[in-house]
Amino acid sequence: MSLWVDKYRPKSLDQLSYHDSITHNLRALAKSGDFPHLLVYGPSGAGKKTRIYATLNEIFGAQVDKLKIDVKTFVTSSNRKLEFNVLSSPYHLEITPSDMGNNDRVVIQDLLKEVASTEQVDFSNQSSSKTKHRFKVVVINEADSLTRDAQAALRRTMEKYSSNTRLILVCNSISNIIPPIKSRTLLIRIPAPSITDMNKIFTTISNKESLKFSSNDSQEVNQFLSNIGHSCNGNLRKGLLSFETLSIQSETISLSPNSLSVLKLDWEVIIKNLSITIRNNRNVASLAKVRVVLYELLSHCIPPRIILKTLLFNLIETVNSEYVVSQLIELASIFDERLSLGQKSIFHLEGFVAKAMVAIDKM
């Protein structure tokens with residue numbers, strides 16, 4: 001039994017249900033004889049990976065869904081051995097080099113060199129038109145988290161092995177991508193689905209799963225599904241997981257607004273309470289308590305940049321001064337950069353909290 005996120009994930013471009021213009025362009029790219037390097041970006045849960053795999057299915061056929069995990073070993077310049085997981089099919093590889101930290105450059109150089117030096121199978125005698133492409137695709141996740149050295153190595157690799165390798169870079173934002181990579185890729189932005197798009201998907205799934213609601217009024221049901229979409233901020237993956245959670249809890253889904261309170265994650269509630277503490281108690285003792293909470297969040301594997309972003313948005317909601325809001329945004333941008341450059345996340349998160357307290361005091 002699989003989750004709805006996987007069970008109802010579109011496998012081909014024909015099954016995609018929103019952003020038709022992007023789907024049309026991807027189909028044209030797949031059918032073209034010259035498939036370029038791609039840089040696919042957009043918010044989390046917008047469907048970036050789904051569209052990439054649907055495009056690969058259009059190019060190579062269903063073989064791209066036959067995935068396996070390989071463990072590759074790399075040796076750094078200091079003779080340190082690194083093990084790295086690679087998700088692969090006969091026609092593509094999927095990697096997340098940023099998992100290796102500052103050693104991501106070694107992974108990119110060695111792995112892409114190995115892929116490019118491997119002779120591709122000749123499909124010229126095959127009858128299927130989907131197997132005529134003689135390049136291998138490498139999907140690189142979290143491309144915006146790559147170090148500058150890794151991105152520089154990636155730029156050189158793109159030029160050197162472009163004859164038989166195509167790269168698809170996936171990220172949430174292109175602000176951290178160096179200009180040489182942007183100029184060598186086709187940029188494709190995948191926006192978050194609208195509430196109407198999400199409603200259609202939720203309705204389709206509820207019909208297929210034969211879900212029962214506490215009311216048969218279609219307007220009430222649509223409003224409830226819209227509230228789910230609003231609660232997940234356009235993140236379709238989060239919306240589907242939330243919808244499935246509600247369906248598991250009871251045979252009949254209650255349409256009352258209180259039923260959506262269960263969808264709030266614990267760490268989100270903790271950060272919201274943290275923002276209230278920062279707003280009301282701006283002193284050293286409060287800062288010490290905040291440090292303990294931040295340690296707890298980090299120890300539960302909540303990414304520091306997510307903590308910073310969520311805390312910023314919650315603080316903005318509690319302040320009614322435009323000047324202070326601009327100050328908080330400027331501070332968050334400074335400490336966001338420091339998070340990417342530094343090693344100890346707790347220092348930068350605590351520094352942001354201290355500076356935010358000073359900025360709020362000026363109201």
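Here is what the cut-offs are and how they apply
- Residues numbered from 1 in each chain as written.
- Predicted model: local features only at pLDDT ≥ 70, side-chain atom pairs only at ≥ 80, totals over all residues.
- Heavy atoms only, no water.
- Helix = DSSP H or I, 4+ residues; strand = E, 2+ residues; numbered from the N terminus.
- Contact = heavy atoms within 4.5 Å.
- Areas by Shrake-Rupley, 256 points an atom, 1.4 Å probe, with all protein chains shown as cover.
- Lys, Arg positive; Asp, Glu negative; His and termini not counted.
- Charge placed at Lys NZ, Arg CZ, Asp CG, Glu CD.
- Pairing = 2+ DSSP bridges.
- Axes fitted to C-alpha atoms, helices over the stretch in contact; angles between N-to-C directions.
- Buried < 20%, exposed > 50% of the residue type's maximum accessible area, 1.4 Å probe, protein only.
- Parallel < 35°, antiparallel > 145°, perpendicular 65-115°, else oblique.
- Left-handed = near helix turned anticlockwise from the far one by under 90°.
- Nonpolar A, V, L, I, M, F, W, Y, C, P; charged D, E, K, R; others polar.
- Salt bridge = Lys/Arg side-chain N within 4 Å of Asp/Glu carboxyl O.
- pLDDT = per-residue confidence, 0-100.
- Phe/Tyr/Trp six-rings, centres within 6.5 Å; stacked < 30°, edge-to-face > 60°.
- Lys NZ or Arg CZ within 6 Å of the ring centre and 35° of its normal.

To continue, consider the overall build of the chain. The secondary structure content of the chain amounts to 14 helices and nine strands. Summarising its shape, the C-alpha atoms of the chain cover approximately 70 × 60 × 35 Å along the three principal directions. Sequence-distant contacts, at least 24 apart, represent 73% of the contacts inside the chain between residues at least 6 apart. For the chain, the exposed surface amounts to about 19500 Å²; the carbon and sulfur share of it is 50%. Distance from the positive charge centre (44 side chains) to the negative charge centre (35 side chains) of the chain: 4 Å.

Turning to the sheet that holds strand 7 (residues 186-189), a few remarks are in order. Pairing between the strands of a sheet comes from backbone hydrogen bonds, and it takes one of two forms, parallel or antiparallel. An order of 2-3-4-5-6-1-7 is seen for the seven strands of this open sheet, with the pairing classed as mixed. Looking at strand neighbours, the two that pair on one side only are strand 2 (68-75) and strand 7, the edges of this open sheet. On average, each strand axis in the sheet is inclined to that of its neighbour by 25°, with strand direction left out of account. Looking at chain direction, strand 3 (residues 81-88) and strand 4 (residues 92-95) are connected through two bridges and run antiparallel. Directly across from L87, in strand 4, lies its bridge partner E94. This element, helix 2 (residues 20-31), spans strand 1 (38-41) and strand 7 of the sheet and lies at about 150° to strand 7. The sheet contacts of helix 4 (residues 104-117) involve strand 2, strand 3, strand 4, strand 5 (136-140) and strand 6 (165-171), and relative to strand 2 the element is tilted by about 115°.

This part takes up the pairing of strand 1. Here strand 1 shows two buried faces, one formed by L38 and V40 and the other by L39 and Y41. In the sheet, strand 1 pairs with strand 7 via four bridges, with the strands oriented parallel. Residue pairing across strands places L38 opposite L186, the latter belonging to strand 7.

It is the contact of helix 13 (residues 322-341) with helix 14 (residues 345-361), at a shortest axis distance of 10 Å, that shows an interaxial angle of 165°. Classified by the interaxial angle, the pair formed by helix 13 and helix 14 is roughly antiparallel. For the crossing formed where helix 13 meets helix 14, the hand is right-handed. Only S345, H348, L349, G351, F352, K355, A356, A359 and I360 of helix 14 make contact with helix 13, whose side of the interface consists of V324, Q327, L328, L331, A332, F335, R338 and L339. Among the residues forming the contact of helix 13 with helix 14, the class breakdown is eleven nonpolar, four polar and two charged.

The next thing to look at is the pattern of salt bridges. Under the criterion given, the structure shown has eight salt bridges. Here E268 ties to K238 by a salt bridge, and the two come within 3.1 Å at their closest N and O atoms. Of this pair, E268 sits in helix 10 (residues 266-280) while K238 is found in helix 9 (residues 236-249), placing the two residues 30 residues apart along the sequence. On the basis of relative accessible area, E268 is assigned to the partly exposed category, the value being 23%.

Before going further, it helps to spend a moment on the confidence of the model for the chain. Looking at the chain as a whole, its pLDDT mean stands at 83, while 93% of the residues score no less than 70. Per-element mean pLDDT across the chain ranges from 78 in helix 4 up to 92 in strand 1. Taken as a whole, residues 121-131 scores under 50 in pLDDT and shows 14 contacts with residues more than four places along the chain or in a different chain.

When you line up the elements, E244 lands in helix 9. The buried charged residue E244 lacks any salt bridge partner; its closest oppositely charged side chain belongs to K7, at an N-O distance of 7.8 Å. When residues no more than four places from it in sequence are discounted, the contact partners of E244 are S2, L3 and W4.

With that settled, consider the packing of aromatic side chains. The full count for this structure, using the stated rule, is six aromatic pairs. Centroid distance W4 to F243: 5.7 Å. Interplanar angle 75°. Geometry classified as edge-to-face. Taken together, the residues span a long stretch of sequence, with W4 in helix 1 (residues 4-7) and F243 in helix 9 at a distance of 239 residues. A relative accessible area of 6% places W4 in the buried class. Residue class for F243 comes out buried when judged on its relative accessible area of 0%. The structure contains a cluster of three or more aromatic residues connected by ring pairs, namely F35, F60, Y91 and F135. Here R51 stacks its cationic end above the ring of Y18, 4.8 Å away from the centre of that ring. Geometry around F335 places R338 over its ring, the cationic atom sitting 4.9 Å from the centre.

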